[in-house]
Protein chains: 2
Amino acid sequence: MDRILIHEVGPRDGLQAESVVVPTETKLDWIRRMADSGVDIVQVGSFVRGDKMPQMADTDELFRLLGRESHRALLSGLVLNEKGLERALEVGVPLICMGVSASETHSRKNTGMGTEDATRRIIATALEARKAGRKVQVSVQSAFGCGFEGPIDEARVLGIVAAYLDAGLTSISLADTAGHAHPAQVRRYVQKVLGLDPAAEITAHIHNTYGLGMASVYAAMEAGARAIETSFGGLGGCPFTKVAAGNVATEDLVHGLQRTGQRMDIDLAALIGVTKDVAAHFGRELPGCVYRTGPLAAKVTA
Amino acid sequence: MDRILIHEVGPRDGLQAESVVVPTETKLDWIRRMADSGVDIVQVGSFVRGDKMPQMADTDELFRLLGRESHRALLSGLVLNEKGLERALEVGVPLICMGVSASETHSRKNTGMGTEDATRRIIATALEARKAGRKVQVSVQSAFGCGFEGPIDEARVLGIVAAYLDAGLTSISLADTAGHAHPAQVRRYVQKVLGLDPAAEITAHIHNTYGLGMASVYAAMEAGARAIETSFGGLGGCPFTKVAAGNVATEDLVHGLQRTGQRMDIDLAALIGVTKDVAAHFGRELPGCVYRTGPLAAKVTA
C-alpha cells in the first residue's frame, strides 16, 4: 500500500446527522485541532441552505475564520450546486468536493434531477471550480447500494466515473452513502476504476451500517485507493433510528495504520483528544473503539 | 474463499466476561436457538472451577441436558487442563477445545507454567481426548500480541503450531486474546500456518478491541482460514474497563457473508433474535450492528 491519505469528514458528515446544532466556536476548536493533527484534509462543512440544514449554516463563516489561519491540513467543503459553488469560491475553499448519486431515486430526491442530468451539471460545476484555481474532488454517492433502490448497477457507477475521467476529473470518491458496501465489492470497484485510469486518485467513503466498514476500508486500501474519508469517533448516521451509521472512525483507522508503521506523522493522541471532546459534547458513546481503549502501546506499557 | 464455518463462542467467551451469572434455563434457550440456526459449532461453556468462575459453573449440566437433544450444530466445550478433560469426557462433549498462550507471562498467569511446558501438557491432553473418540481443536492464545507483554514473537507462535501439527493436531485456532491483531498480520500468520501444512484447518478468533476485528476476520478468510469464532452481538471483553472487547459479532459476519451469497443456509433472523434477547437480558447495547439495523434486504424493501 502507498501512503494512505486521511480525509476527516466528521465536521460535515458527522455533525450534519445530529439533531443539535454545534456552536461555531466549538466546531472551530475541533476543526483546528484535527487540521493540525497530521491528517491530510479536513472537511469543514457543506454549502447547503442554512434554513434547510441549520447544522451547516455557519460553513461560510467557518471558512472565513479558518482562511486567515495556517493549518497542516488542506480544508475541504462540500458543494451541491452552482449556488453552493459561488459561496465556496467567495470564501476561498481550497478543496471543493461535489458529487452525483448513482441511484436515480436518491439523485431525484436530493437534486430534483436524475443521475444523467446531475452528472452533466456537476461536471460543469467542477470544471468551473477548477478554472477558478481550486482543487476538486468528485464523488459517486450510493456507489455500493442505495437505501431506496437497493443494489445499484455497477455499470451505472462506472459510467459516472468514466464521465468524470473524460472531463479530466481524476480525484474521485466512491461513497457508500447507505453503508451497503462489502469488501469484495469495494475491492472490485477500486480495481475497475484504476482499470479505466491507473492515475485516478480514488477515495473510499464507507459507512459502518452493517459492521463491515473497516473491512471495506482495508479492501479499498489494498486495491489501490489513495485516500479514506473517516469521521472522528465514527460520528454520523442517525442516532435515533440506528439504521444509518457513521463513517469508519478516524482514530481507529490511524491506529490501525500505525500498527504497521504507516502514517506515524499523524498525532493519534490529538485525534483521540478531539473525539473524547466530541463524545462529551453529545453526551453519548460514539462507535469508535480507540478513543475509549486508548492506543495499544499505552495499554501494553500501562 | 471456501465455505467458511462459523463457531459461535458467545455462550462461553461472551458470558464469562459478564459480572452477572446467566441462569441455566436462559443459556439453554440461547444455545439451542444458536445450535439450530445453521451455524456450525456452538461453544457451550468452559470446564473451569465453578467457584473461580461462577458464570461457567453450569457447563457440565448444560452438556448433560443438551446431550439428550439433537441439534444442527456441533457443540464444543473449552478445557484448560486434565481435570477439565475428565469432566468434558464424562458429559460427552463432541468437540473439545484447548489451548496454550504464546505469551510466557500470560501462560504462567493462566496455568502456572511457561509456554513450552503448557504446550507439552496440552498436546498430551488433546491426544487423550482424541483417543477417547472426541474431535479436538487446539489454539494459540495471545497469538497476535499480549496485554501483558505486548508483541509476541512470530516464531514462538509458529513453534506452537508446528508442535501441534507434529502431534497430528491439525485443527488450530489462532486466538487474538487481547485484540492486538491487524489484517496484514492475520493474513501472514494464516499463510505461514498453511505453509507448514496446507491441510491445516485454521480458525481465527479475533477480538475487536481497536476496531480492526472485522478487517482481520476478512484477512483471515481471504488467506485461507476455514472457520471464524464469533460471539452473538459481539458480546465479550469487560463491559466496565472497556479496554477489552468481544469477538466480532456473529450476525454481522453472517450478514456480510450472505451479501456475497455465502452461507445462505444460516438463518440470519434467528441469530438476530438471539442477540436481541441477549442485549435485552443485559439491558445494554451490544457492539454488533446488524441486530440493531436489521438485515440490509429488510431495510431496502421497508
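Looking at an unreviewed UniProt entry, chain A carries the name Hydroxymethylglutaryl-CoA lyase, with the source organism given as Geothrix oryzae.

J.: Explain the overall build of chain A to me, please; I cannot follow it from the model alone.
T.: Helix and strand counts for chain A stand at 13 helices and eight strands. Its C-alpha atoms give chain A a radius of gyration of 18 Å, near enough to 19 Å, the size a compact globule of 302 residues would have. In terms of its C-alpha atoms, chain A occupies a principal-axis envelope of roughly 55 × 40 × 35 Å. A burial count over chain A gives 61% of its 302 residues as buried. Considering only residue pairs separated by 6 or more positions, chain A has 74% of its internal contacts joining residues 24 or more positions apart. Split by element, the accessible area of chain A, about 11100 Å² in all, is 52% carbon and sulfur.

J.: Would you mind going over the pairing of strand β6 (residues 171-176) of chain A with me for this structure?
T.: Walk down a regular strand and you will see the side chains alternate between the two sheet faces. Residue and element names in this part refer to chain A. Among the six residues of β6, six are classified as buried, and the element is accordingly described as predominantly covered. Covered by surrounding structure in β6 are Ser 171, Ser 173 and Ala 175 together with Ile 172, Leu 174 and Asp 176, the residues of both alternating faces. Taken together, the three bridges between strand β5 (residues 135-141) and β6 define a ladder with parallel strand orientation. Paired with Val 140 across the two strands is Leu 174, which belongs to β6. On the question of chirality, the crossover connecting β5 to the parallel β6 by way of helix α7 (residues 154-166) is right-handed. Pairing between β6 and strand β7 (residues 201-206): six bridges, direction parallel. Looking at β7, one finds that Leu 174 is bridged to Ala 204.

J.: Would you mind going over the relation of the copies chain A and chain B with me for this structure?
T.: Note: a rotation about an axis with an accompanying shift along it relates these two copies of the chain. At an RMSD of 0.0 Å, chain A and chain B line up after a rotation of 180 degrees and a shift of 0.0 Å along the axis. Within this description, the copies of the chain are treated as partners about a two-fold rotation axis. For chain A, the minimum C-alpha distance to the rotation axis belongs to A:Ala215 and amounts to 1.9 Å. Same-surface contact between copies: 100% of interface residues of chain A are shared with the interface of chain B.

J.: So what exactly am I meant to see when it comes to the sheet that holds strand β4 (residues 95-101) of chain A here?
T.: Sheets are built from strands that pair by backbone hydrogen bonding, the pairs being arranged parallel or antiparallel. Residue and element names in this part refer to chain A. Taken in spatial order, the eight strands of this closed barrel run β1-β2-β3-β4-β5-β6-β7-β8, and their pairing is parallel. Strand after strand, the sheet turns through a mean of 25 degrees between neighbouring axes, direction not considered. Of the strand pairs in this sheet, strand β1 (residues 5-8) and strand β2 (residues 41-46) are connected by two bridges, and their pairing is parallel. Bridge assignment links His 7 to a residue of β2, and that residue is Ile 41. In the packing of helix α10 (residues 250-259) onto the sheet, contacts are made with β1 and β8 (227-230), and the angle to β1 comes to roughly 170 degrees.

J.: Honestly, the interface of chain A and chain B in this entry has me stumped. Any pointers?
T.: One frequently used descriptor of interface size is the decrease in accessible area upon assembly of the parts. At the interface, 39 residues of chain A touch 40 residues of chain B. A buried area of about 3000 Å², summed over both sides, lies between chain A and chain B, and 62% of it is on carbon and sulfur atoms. At the junction of chain A with chain B, the criterion picks out two salt bridges. One can count four residue pairs in polar contact (both at pLDDT 80 or more) joining chain A with chain B. In terms of residue class, the side of chain A that touches chain B is built from 18 nonpolar, 13 polar and eight charged.

J.: I keep staring at empty space enclosed by the protein and nothing clicks. Help me out?
T.: A water-sized probe, rolled over the atoms, reveals where empty space remains. Here the structure, examined in full by the defined rule, presents one cavity of 30 Å³ or more. Here the largest cavity is characterised by a volume of approximately 50 Å³. Considering the residues around the largest cavity, the lining is formed by A:Pro183, A:Arg187, A:Ala215, A:Tyr218, A:Ala219, A:Glu222, B:Pro183, B:Arg187, B:Ala215, B:Tyr218, B:Ala219 and B:Glu222. The residue inventory of the lining of the largest cavity, partitioned by class, reads eight nonpolar, no polar and four charged.

J.: Hey, could you run me through the sheet that holds strand β3 (residues 74-78) of chain B in this one?
T.: Residue and element names in this part refer to chain B. Strand order in the closed barrel formed by eight strands is β1-β2-β3-β4-β5-β6-β7-β8, with parallel pairing between adjacent strands. The sheet shows a mean angle of 25 degrees between the axes of neighbouring strands, taken without regard to direction. As paired elements, strand β2 (residues 41-46) and β3 share five bridges and run parallel to each other. When the sheet's bridge partners are listed, Val 42 is paired in β3 with Leu 75. The sheet strands contacting helix α10 (residues 250-259) are β1 (5-8) and β8 (227-230), and the helix crosses β1 at an angle near 170 degrees.

J.: Before we go on, may I ask you to explain the packing of aromatic side chains in this structure?
T.: By convention here, two paired aromatic rings are described through the distance between centres and the angle between planes. All names here are of chain A. Scanning all chains against the criterion turns up eight aromatic pairs over all chains. With 5.7 Å between their ring centres and 20 degrees between their planes, Phe 47 and Phe 63 make a pair best called stacked. Remark: Phe 63 occurs in helix α3 (residues 59-67) and Phe 47 occurs in the loop between β2 and α3; sequence separation between them is 16 residues. Among the residues examined, Phe 47 registers a relative accessible area of 2% and is labelled buried. For Phe 63, a relative accessible area of 3% corresponds to the buried category. Positioned above the aromatic ring of Phe 148 is the side chain of Lys 109, whose terminal nitrogen or guanidinium carbon lies 4.8 Å from the ring centre.

Parameters and conventions
- Residues numbered from 1 in each chain as written.
- Chains lettered and ligands numbered in written order.
- Predicted model: local features only at pLDDT ≥ 70, side-chain atom pairs only at ≥ 80, totals over all residues.
- Heavy atoms only, no water.
- Helix = DSSP H or I, 4+ residues; strand = E, 2+ residues; numbered from the N terminus.
- Rg over C-alpha atoms; globule rule 2.2 N^0.38 Å.
- Buried < 20%, exposed > 50% of the residue type's maximum accessible area, 1.4 Å probe, protein only.
- Contact = heavy atoms within 4.5 Å.
- Areas by Shrake-Rupley, 256 points an atom, 1.4 Å probe, with all protein chains shown as cover.
- Pairing = 2+ DSSP bridges.
- Right-handed = clockwise from strand over helix to strand, strands pointing away.
- Least-squares fit on C-alpha atoms with pLDDT ≥ 70 in both.
- Axes fitted to C-alpha atoms, helices over the stretch in contact; angles between N-to-C directions.
- Buried area = accessible area lost by both parts, 1.4 Å probe.
- Salt bridge = Lys/Arg side-chain N within 4 Å of Asp/Glu carboxyl O.
- Polar contact = N/O pair within 3.5 Å; in protein donor to acceptor, adjacent residues only side chain to side chain.
- Nonpolar A, V, L, I, M, F, W, Y, C, P; charged D, E, K, R; others polar.
- 1 Å grid on protein atoms, 1.4 Å probe; cavity = no way out; pocket = protein on both sides within 12 Å on 5 of 7 lines; lining within 4 Å.
- Points joined across faces, edges and corners; volume = space filled by probe spheres on them.
- Phe/Tyr/Trp six-rings, centres within 6.5 Å; stacked < 30°, edge-to-face > 60°.
- Lys NZ or Arg CZ within 6 Å of the ring centre and 35° of its normal.

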